[in-house]
Amino acid sequence: MTRGSAAAAATVKDVSAMPIREKEEMMDAYKELFDTFDQENEGKISADQFRDCLHSQGSRRRRRESVVSMIETVGSFSEKELNFEDFVELINSEYLKVLFQGENQDEVEQRLSGCDGFNIYGQTHTPKETEESRILGLEQIKYQLGLINEKKKVGWTCALNRCPGLVGDSHLIMFLRTEVFHAERAAKRLISYWDKRIQLFGDKKAFLPLTLGGALIDDHVALSIGFLQPTGKFDPAGRAILLMDFSVEDKTKYEPNSLVRAVWYAMHVALKDECAQKMGVVILVRGHKYLGQWDIRTGKEMANNMKSGLPMRLACFHLVHPPSFVGVLVKIGRILLNKKLNNRIRLQRGSNEEVLEKLNSFGISKDMVPGFWGGSLEFTDNLTEVMCFLDNVKL
């Protein structure tokens, strides 16, 4: 048995408590993740490929270089590349574990050093808005947009020409709030947003309002499953509470990008509230029923849109009653998510009563939690019904 094969076998052994089907699904999940990096379908990943993928996902240079140096240790030293077995070994290696533990500790220390009752997630301080600050912010973001090369803002320029009613000052303000009025970062996110919107919705629908009769006209099935739903509730700081339900994910029923578009829609509905724009969102996550249900490629696309496209401030993912294979999800998530998003994940285990108590410590009271977790929140399971009320709202 090769060293890589032994590592893969050891990985399965480490989760011996799992049923055979879950063990197989775990390795399938690793293979699907491997394939997202092996873009040339060569059965191997070079150090340069891995570095480029991590960079495109927003990973910081320190992490990229640390992981690449691990490839040299785990993979073929002379060729600096990984086959699938090497990749599994890397994902489960002590090297990677120590790297992320160090990042997590840095994040915890930073969070505790500047935390108050309203900033329990360690977010960057939200500046107080005035009419003057908004006017100044709009002037600054427009100036920054003007500095960007025309070739790098084709999507934004098309939006100005083809849907001027959707890209007024209120649209720009959303991006300023996301980046706490840092105009240069807000301008870059705005450019990325329109590039991703065109890529996701297509050249025609991207410039329509995000309504059921507009840009989402072909996405009723993905919307109807209720994968991501705004609950209409807010924590004491004003963060919008959303429910993300992976247990309803079924890639056989819809085209993968359709689910991503549904996520865009639900997020924009939540962000109609100005306080949510300023303070951000908290997402309560219901896990998969089984590992094979997870569509990793779609998940990667969602993560990419959240971190560098959508005008949202993510405060936290609360993964409630995480499944037995959560360790696999966390390991894969560490690769897919950048450091900032990685440290926004909280695992809430225990009985419903214990989970409710833990969530309450974050300002999420029982009336904000769905009934299947012991809460008293009642809302429709059909996102399409909710959105019908908002079909005339321009987003």
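Here goes a summary of the coordinates provided. (Residues numbered from 1 in each chain as written. Predicted model: local features only at pLDDT ≥ 70, side-chain atom pairs only at ≥ 80, totals over all residues. Heavy atoms only, no water.)

## A short note on the sheet that holds strand S7 (residues 345-348)
The cut-off we apply is this: At least two bridges found by DSSP between two strands is the condition for calling them paired. Under the scheme used here, helices are H or I runs from DSSP no shorter than 4 residues and strands are E runs no shorter than 2 residues, and both carry numbers assigned from the N terminus. Lines are fitted to the C-alpha atoms to define the axes, a helix being fitted only along its stretch in contact, and any angle between axes, read from their N-to-C directions, falls within 0 to 180 degrees. Whether two residues are in contact is decided by their heavy atoms, any of which lying within 4.5 Å being enough.
The five strands lie next to each other as S3-S4-S5-S6-S7, forming an open sheet whose pairing is mixed. Every interior strand has two partners, whereas the edge strands, strand S3 (228-234) and S7, have only one. The mean inter-strand angle of the sheet, taken between neighbouring strand axes irrespective of direction, is 25 degrees. Strand contacts of helix H17 (residues 352-360): strand S5 (281-286), strand S6 (314-320) and S7, with the helix running at about 150 degrees to S7, the strand carrying the most contacts.

## Side note on helix H10 (residues 183-205)
The criterion, for reference: What a helix is expected to span follows from its residue count: subtract one and scale by 1.5 Å. Bend angle per residue: angle between axes fitted to the 7 residues ending at that residue and the 7 residues starting there.
With 23 residues, H10 should reach 33 Å at 1.5 Å per residue; the first-to-last C-alpha distance of 28 Å falls well below that figure. Residue Gln199 marks the point of greatest curvature in H10, where the axis turns by about 75 degrees.

## Brief notes about the packing of aromatic side chains
Definition in use: What counts as a ring pair is set by centres within 6.5 Å for rings of Phe, Tyr and Trp (its six-membered ring), and what kind of pair is set by the plane angle: stacked under 30 degrees, edge-to-face over 60, tilted for all other angles. Categorising residues by exposure relies on relative accessible area from a 1.4 Å probe, with only protein chains included: less than 20% of the type maximum marks a residue as buried, more than 50% marks it as exposed, and the intermediate range marks it as partly exposed. Over a ring means this: the NZ of a Lys or the CZ of an Arg is within 6 Å of the ring centre and within 35 degrees of the ring normal.
Scanning the model with the defined rule gives eight aromatic pairs in all. Between Tyr193 and Trp194, the ring centres sit 5.4 Å apart and the planes meet at 80 degrees, which makes this aromatic pair edge-to-face. Taken individually, Tyr193 and Trp194 each receive the classification buried, so the pair is uniform in this respect. Look at Phe227 and Phe246: their rings are 5.1 Å apart centre to centre, the planes differ by 90 degrees, and that puts the pair in the edge-to-face class. Taken as a pair, Phe227 in the loop between helix H11 (220-224) and S3 and Phe246 in the loop between strand S4 (240-245) and helix H12 (256-270) lie far apart in primary sequence, 19 residues in all. Note on Phe227: relative accessible area 1%, which makes it buried. Joined through ring pairs, the aromatic side chains of Phe175, Tyr193, Trp194, Phe201, Phe207 and Trp264 make up one cluster. Looking at Arg286, its charged tip hangs above the ring of Phe372, at a distance of 3.7 Å from the centre.

## Describing the environment of Thr298
Topologically, Thr298 is positioned in helix H14 (residues 296-308). Considered as a pair, Thr298 and Leu259 are 39 residues apart in the sequence and their alpha carbons are 8.0 Å apart. Aside from chain neighbours lying at most four places away, what touches Thr298 is Pro256, Leu259 and Val260.

## Thoughts on the side chain of Lys205
Our working definition: Identification of polar contacts relies on pairs of N or O atoms within 3.5 Å, with a donor-acceptor requirement for protein atoms, meaning one able to donate a hydrogen and the other able to accept it, and with residues adjacent in sequence counted only if both atoms are side-chain atoms.
Within the secondary structure layout, Lys205 lies in helix H10. Given a relative accessible area of 18%, Lys205 falls into the buried group. Within polar-contact distance, the side chain of Lys205 engages the side chain of Asp218 at 2.9 Å.

## Observations concerning the pairing of S5
Among the six residues of S5, five are classified as buried, and the element is accordingly described as predominantly covered. In this structure, S4 lies alongside S5, joined through six bridges in parallel fashion. By the bridge assignment, Met244 is partnered in S5 with Val285.

## Details of the pairing of S7
Side-chain alternation along S7 places Arg346 and Gln348 on a buried face and Ile345 and Leu347 on a face that remains uncovered. As paired elements, S6 and S7 share four bridges and run parallel to each other. Note on S7: the bridge partner recorded for Phe317 is Ile345.

## Overview of the packing of H10 against H14
Formally: Each angle is binned into one of four classes, with values under 35 degrees roughly parallel, values over 145 roughly antiparallel, values of 65 to 115 roughly perpendicular, and all other values oblique. Note that Gly is not counted as nonpolar here; it falls among the polar residues with everything else outside the nonpolar set of Ala, Val, Leu, Ile, Met, Phe, Trp, Tyr, Cys and Pro and the charged set of Asp, Glu, Lys and Arg.
It is the contact of H10 with H14, at a shortest axis distance of 9 Å, that shows an interaxial angle of 150 degrees. When the axes of H10 and H14 are compared, the pair comes out roughly antiparallel. On the side of H10, the interface is formed by Arg189, Ser192 and Lys196, while H14 contributes Asn304, Asn305, Met306, Lys307 and Ser308. Looking at the contact of H10 with H14 residue by residue, the classes come out as one nonpolar, four polar and three charged.

## Let's talk about the environment of Val180
Structurally, Val180 is set in the loop between helix H9 (169-178) and H10. Take Val180: its relative accessible area is 18%, and that puts it in the buried class. Once the C-alpha coordinates of Val180 and Thr126 are considered, the two residues, 54 residues apart in sequence, prove to be 5.9 Å apart. Apart from residues no more than four positions distant in its own chain, Val180 is found in contact with Thr124, His125, Thr126, Pro127, Arg185 and Arg313.

## A look at the nonpolar core
Selection rule: Residues belong to one nonpolar core when they are buried, are Ala, Val, Leu, Ile, Met, Phe, Trp, Tyr or Cys, and are joined through side-chain atoms within 4.5 Å.
Residues Met267 and Ile283 are the most contacted members of the largest nonpolar core, which totals 78 residues. In this structure, Ile283 is in contact with Leu228, Leu242, Met244, Met267, Met306, Leu314, Cys316, Phe317 and His318, ignoring residues within four places of it in sequence. The next biggest cluster of nonpolar side chains, apart from the first, holds 16 residues, and it includes Leu243, Val282, Leu359 and Met368.

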